[in-house]
Structure formats: C-alpha cells, structure tokens
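# Observations on the three-dimensional arrangement
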Amino acid sequence: VPLEETSLPLFFGWFLLPSIQDKVRCTSLDFLKTLDTLEAFKKHLPDFTVEAEKEVDLEQYFQANALHCTTKFCDYGKAEGAKEYADKPFHQLSRWLVSYNPAAVKELYGSVFELSLSALFVTPRTVGARVSLSEDQLTLWPADAEKEVVSVVPAATTLPAGSRAHITLGCAEGVEQLQTGIDLLEILALQQAGQEGELVEEMELGSLSYYGKGRWLLSLREPISAQACFSSLYG
Ligand code: 2AM
C-alpha cells in the first residue's frame, strides 16, 4: 500500500538495525552494572530511591521493544502537527519550486541513516541514549519537538532543534512514554544554564557526571555509530 493511502502511524522514527541493537543493549547493561558498583552512586542512592517508585528493568524493556529514536509521535493522526510533519517539504525552498519539493518523510522513508549516540543517561524514571543529529537528519526532525514540552521543561524552547532526540532504553513501570525525552531535556537545560554537573568518575566509556535528583549522564568518549532505518510503527 503506498504511503499516501495509509493513515498516519503511531509514530515515525529511526529503527536501529538488529546488530547495532545488540551492541547498544550490551553497552547500556554494562554501564548500569558498573554504575551500581560505584561509591558515588551509592552515596546518591537516597536521591534515586526517593524519586523512583518502581525500578527500571532494562532487560524486560529490551524484550518488548525495538530500539528506536522517535522523530514524530503521530498517534494515528490524533497528535498535534502529525499531518504537517508527514507533509513537511524536503527543502525550505521558494514557493515556485514546490512541485519539485516532495515531503521529506515520503522521500526518506525506508532509507538507512547513521545515527550518533553521544551519551547515556539514567534517572529514577528512565534510561536512554542521547542522539546527536546531523544537519541531514534534522530534515526529519519536527520543528516543534522541543517546544512541545515547555510546560514541563521551560528552558526547552531555548535549546537547539534536535536536543530531545534519544533512544529509550528503559522506563520504570507506570512512567509515561514521553518521559525519556523530558529527562534528557532537563539535563541539557542544566548544562545550558552553566551547571556542568558534578564530574564523578572517568570511566572506560567516558566521563560520568551527576546532575542531582538521581540524574546521571555518561558522555561517551567515542560516540556509538548506529545504523538505523527511517520508518514508522503502526503498532
Ligand atoms: P520515546 O520516544 O521516548 O521512546 C511509542 O509510544 C513511541 O512514541 C515511544 O517511543 C515513545 O517514547 C514515543 N512517544 C509516546 N508518546 C509521545 C509523545 N506524547 N511525544 C513524543 N513521543 C512520544
């Protein structure tokens, strides 16, 4: 069925190819295991357990979900801006070129991209990987993705487009699906405000910083390059 004849999906996004999914799963499990053994983590454990209602169970999450980076949550067309996103032109060209200017989503549907995973983060609610999008990849990023959550993260409007891009690696039970992106934006907002976090440890994978309230960020020394197919999930 051609794309134009189908209704809008639950969401559009980049889906990691199987081999790289395994690599990301292993890296994040290793990271969490190491984090668990650190004295600094134990010291801040009260922050974590006060905030956490249920533990984040990575292995359970991994079994149930294909790792992906959501671009636009469409909710089958019910989400605000869903149709506009699907029709968003490829280039911001002048209007006379509009007939040669197809929708980016249709044009790039099924293409494989190389995503750069630049950090891993853990909060009492979620575990995720930060995705640093290239100029090309930003073509598929919805203009309002950051502004959408301004009621929860007021500084979100001042963060660059693409700041919210992430891969959810785990969510505690009962936590809303959009929480991972919010947790990431909160950390980036603190960084932007000049709070670099407390550098806790130089780990093999990179430097680990603590941002208070049970929020940990590991900046990867070497970003993980992850091949991912731009597609959608109907669920
Ligand atoms: P995630 O991108 O943080 O993993 C299906 O629920 C997918 O859409 C999940 O990947 C989920 O979160 C994302 N999602 C769910 N609700 C959303 C919302 N309101 N805004 C943005 N993404 C959402």
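## Observations concerning the nonpolar core
Counting residues in hydrophobic clusters, the biggest one holds 51 residues, and the most contacted among them are Leu 169 and Trp 216. Per-element accounting of this core gives the leading share, seven residues, to strand β8 (residues 216-233). Setting aside its immediate chain neighbours within four residues, Leu 169 contacts Val 24, Ser 28, Leu 58, Tyr 61, Phe 62, Leu 67, Leu 120, Val 127, Gly 128 and Ala 129.

## A few points about the site of the ligand
Neighbouring the ligand are Phe 11, His 68, Thr 70, Phe 73, Arg 164, His 166, Thr 168, Gln 177, Leu 178 and Thr 180. In the model, an oxygen atom of the ligand is placed 2.6 Å from a nitrogen or oxygen of the Thr 70 side chain. In this structure, an oxygen atom belonging to the ligand sits 3.0 Å away from a main-chain N or O atom of Gln 177. For the ligand, the protein covers 84% of the area, taking 470 Å² as the surface of the free molecule. Residue assignment for the shell around the ligand shows that the elements contributing at least two residues are β2 (68-73) and β5 (166-171). Take the shell around the ligand: its biggest share by element is three residues, from β2. Looking at the shell around the ligand, its residues break down into three nonpolar, six polar and one charged.

## Let's talk about the packing of aromatic side chains
Counted under the stated rule, the structure contains ten aromatic pairs. A ring pair is formed by Tyr 109 and Phe 230, whose centres lie 6.3 Å apart and whose planes are at 80 degrees; its orientation type is edge-to-face. On the criterion of sequence distance, the pair formed by Tyr 109 in the loop between α6 (104-108) and β3 (112-122) and Phe 230 in strand β8 is long-range, its members being 121 residues apart. Residue Tyr 109 is classed as partly exposed on the basis of its relative accessible area of 30%. Seen from their ring centres, Tyr 210 and Trp 216 are 4.4 Å apart, and the 45 degrees between their planes marks the pair as tilted. Residue classification places Trp 216 among the buried positions, given a relative accessible area of 0%. Pairwise contacts between aromatic rings join Phe 12, Trp 14, Tyr 85, Tyr 109, Phe 113 and Phe 230 into one cluster.

## Comments concerning the environment of Leu 140
As for its position among the elements, Leu 140 is in the loop between α7 (135-138) and β5. With 75 residues separating them in the primary sequence, Leu 140 and Arg 215 have C-alpha atoms 29 Å apart.

The rules behind each value
Residues numbered from 1 in each chain as written. Predicted model: local features only at pLDDT ≥ 70, side-chain atom pairs only at ≥ 80, totals over all residues. Heavy atoms only, no water. Core = buried A, V, L, I, M, F, W, Y, C linked by side-chain atoms within 4.5 Å. Buried < 20%, exposed > 50% of the residue type's maximum accessible area, 1.4 Å probe, protein only. Helix = DSSP H or I, 4+ residues; strand = E, 2+ residues; numbered from the N terminus. Contact = heavy atoms within 4.5 Å. Near = heavy atom within 4 Å. Polar contact = N/O pair within 3.5 Å; in protein donor to acceptor, adjacent residues only side chain to side chain. Areas by Shrake-Rupley, 256 points an atom, 1.4 Å probe, with all protein chains shown as cover. Nonpolar A, V, L, I, M, F, W, Y, C, P; charged D, E, K, R; others polar. Phe/Tyr/Trp six-rings, centres within 6.5 Å; stacked < 30°, edge-to-face > 60°.

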